[in-house]
Amino acid sequence: MLSRHLHYIHPVRKLEIPVKYPEIEFPEKRKLRFMEKVPQPVPGQRPMKMKKQLIDMRGPELTHTFLLHRQYGIRALQGGQLHHGHFEMIRTGINRNMDENRMFAIWRIDAPWKPITRKGQGHRMGGGKGSIDHYTTPVREGRVIMEFGGYCEFHEAYDLLIRVARKLPFRADVISQEILDEEKKLEKEEPHRNLNPFSFEYCVRNNIGGCRKWLSPYDYIWHGKYR
């Protein structure tokens with residue numbers, strides 16, 4: 001008789017509204033492809049050696065600074081070089097932890113192409129340039145290294161990408177299309193908000209305090225940035 005008068009009260013659940021994703025175009029291969037350790041040689045020619053050419057890593061990136069799929073990616077905050085081991089670290093770290101059914105990742109940099117020469121330990125000076133030891137890919141500040149996207153939110157992509165970005169030989173961060181749009185907006189507003197007329201460019205142009213004596217040639221181009 002007692003069971004007839006008992007009423008069971010179910011707890012109220014607060015269910016989250018599912019996110020509606022826009023139409024996303026997935027690439028043919030959703031995982032990062034393997035990058036060759038050595039570039040393909042030209043038949044009948046020896047592998048070419050190159051100078052250091054630090055300009056390949058100095059200064060801002062002017063071309064590959066945007067996201068093709070307008071979702072997420074890893075961006076370099078400093079100039080540096082990536083060798084084959086770094087490519088494998090990125091590839092395995094992303095491919096093993098991503099859900100291929102609803103996510104994808106693509107490269108935005110080339111395979112190692114710049115030869116780095118080295119002489120054997122204890123070798124005397126002279127004797128010409130050393131033999132090629134390995135190949136690298138130079139990266140400038142602001143270059144997008146790889147893109148990540150699919151049916152996922154930023155917090156899912158951030159947890160996966162930040163672990164890879166912290167292992168790179170230079171500082172890098174995780175970006176999204178919203179972050180890039182906000183940075184462009186602040187960059188346009190910054191000159192109007194700056195109340196100090198003595199900017200770096202103004203001091204260089206007018207040689208304030210004789211600063212041209214100790215300036216680098218690159219300071220005339222980038223005004224104290226990208227050192």
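The coordinates are above.
Being a predicted model, the structure only gives us computed values, none of them experimental. (Residues numbered from 1 in each chain as written. Predicted model: local features only at pLDDT ≥ 70, side-chain atom pairs only at ≥ 80, totals over all residues. Heavy atoms only, no water.)

Here we come to a positive patch on the surface. There is a patch of like positive charges on the surface, built from Arg46, Lys49, Lys52 and Lys129. Mapped onto the elements, Lys129 comes out in the loop between strand S4 (114-118) and strand S5 (131-139). Judged by its relative accessible area of 48%, Lys129 falls in the partly exposed class. (Patch = residues over 30% accessible without salt bridge, like charges linked within 9 Å, V, L, I, M, F, W, Y side chains within 5 Å. Areas by Shrake-Rupley, 256 points an atom, 1.4 Å probe, with all protein chains shown as cover. Salt bridge = Lys/Arg side-chain N within 4 Å of Asp/Glu carboxyl O. Lys, Arg positive; Asp, Glu negative; His and termini not counted. Charge placed at Lys NZ, Arg CZ, Asp CG, Glu CD. Helix = DSSP H or I, 4+ residues; strand = E, 2+ residues; numbered from the N terminus. Buried < 20%, exposed > 50% of the residue type's maximum accessible area, 1.4 Å probe, protein only.)

What follows is about the pattern of salt bridges. Tallied over the full model, the rule gives ten salt bridges. Note that Asp173 is salt-bridged to Arg75, the shortest N-O span being 3.0 Å. One end of the pair, Asp173, is in strand S7 (residues 172-176); the other, Arg75, is in strand S1 (residues 72-76), with 98 residues separating them in the sequence. According to the relative accessible area criterion, Arg75 is buried, its value standing at 10%. Among the ionic pairs, Arg91 bridges to Glu88, the shortest N-O distance being 2.9 Å. Here Arg91 pairs with Glu88, and both are found in helix H1 (residues 84-95), just three residues apart, close to one helical turn. Across the pair, Glu88 and Arg91 agree in class, each one buried. Overlapping salt bridges, with partners in common, bring together Arg75, Asp173 and Glu183 in one network.

On to the side chain of Arg75, then. A polar contact is formed between the side chain of Arg75 and the side chain of Glu183, at a distance of 2.8 Å. Beyond its immediate stretch of four places on either side in the chain, Arg75 contacts Gly142, Arg143, Val144, Ala172, Asp173, Ile175, Leu180 and Glu183. (Polar contact = N/O pair within 3.5 Å; in protein donor to acceptor, adjacent residues only side chain to side chain. Contact = heavy atoms within 4.5 Å.)

Before going further, it helps to spend a moment on the pairing of strand S6 (residues 144-150). For a regular strand, the rule is simple: side chains alternate between the two faces of the sheet. For S6, a buried count of seven out of seven residues is recorded, marking the element as mostly surrounded by other parts of the structure. Bridge analysis of S1 against S6 gives four bridges, and the strand direction is antiparallel. Residue pairing in the sheet places Tyr72 in a bridge with Phe148 of S6. Pairing geometry for strand S3 (residues 103-107) and S6, over five bridges, is antiparallel. Across the sheet, residue Trp107 finds its bridge partner in S6, namely Met146. (Pairing = 2+ DSSP bridges.)

Attention now goes to the packing of H1 against helix H2 (residues 154-165). Closest axis-to-axis distance for the H1/H2 pair is 10 Å, and the angle between their directions is 160°. Taken as axis vectors, H1 and H2 run roughly antiparallel relative to one another. Crossing angle aside, the handedness with which H1 passes H2 is right-handed. Across from Met89, Ile90, Gly93 and Ile94 in H1, the residues of H2 making contact are Leu160, Leu161 and Val164. Grouping the amino acids of the contact of H1 with H2 by side-chain chemistry returns six nonpolar, one polar and no charged. (Axes fitted to C-alpha atoms, helices over the stretch in contact; angles between N-to-C directions. Parallel < 35°, antiparallel > 145°, perpendicular 65-115°, else oblique. Left-handed = near helix turned anticlockwise from the far one by under 90°. Nonpolar A, V, L, I, M, F, W, Y, C, P; charged D, E, K, R; others polar.)

The four strands lie next to each other as S3-S6-S1-S7, forming an open sheet whose pairing is antiparallel. Since the sheet does not close on itself, it has two edges, and those belong to S3 and S7, each with one partner. Here the average twist between neighbouring strands, direction ignored, is 20°. Bridging between S1 and S7 involves five bridges; their strand directions are antiparallel. By the bridge assignment, Ile74 is partnered in S7 with Val174.

Another aspect to go through is a nonpolar patch on the surface. A cluster of nonpolar side chains, contributed by Val19, Tyr21 and Tyr151, occupies part of the molecular surface with about 240 Å² of accessible area. By the secondary structure assignment, Val19 is in the segment before S1.

Spatially, S2-S5-S4 is the arrangement adopted by the three strands of the open sheet, whose pairing is antiparallel. This sheet does not close on itself; its edge strands, each paired only once, are strand S2 (80-83) and S4. Strand-to-strand twist across the sheet, computed as the mean angle between neighbouring axes with direction ignored, equals 50°. In this structure, S4 lies alongside S5, joined through five bridges in antiparallel fashion. Following the sheet pairing, Arg118 is matched in S5 by Ser131. Lying over the sheet, H1 contacts S2 and S5, oriented at roughly 75° with respect to S2.

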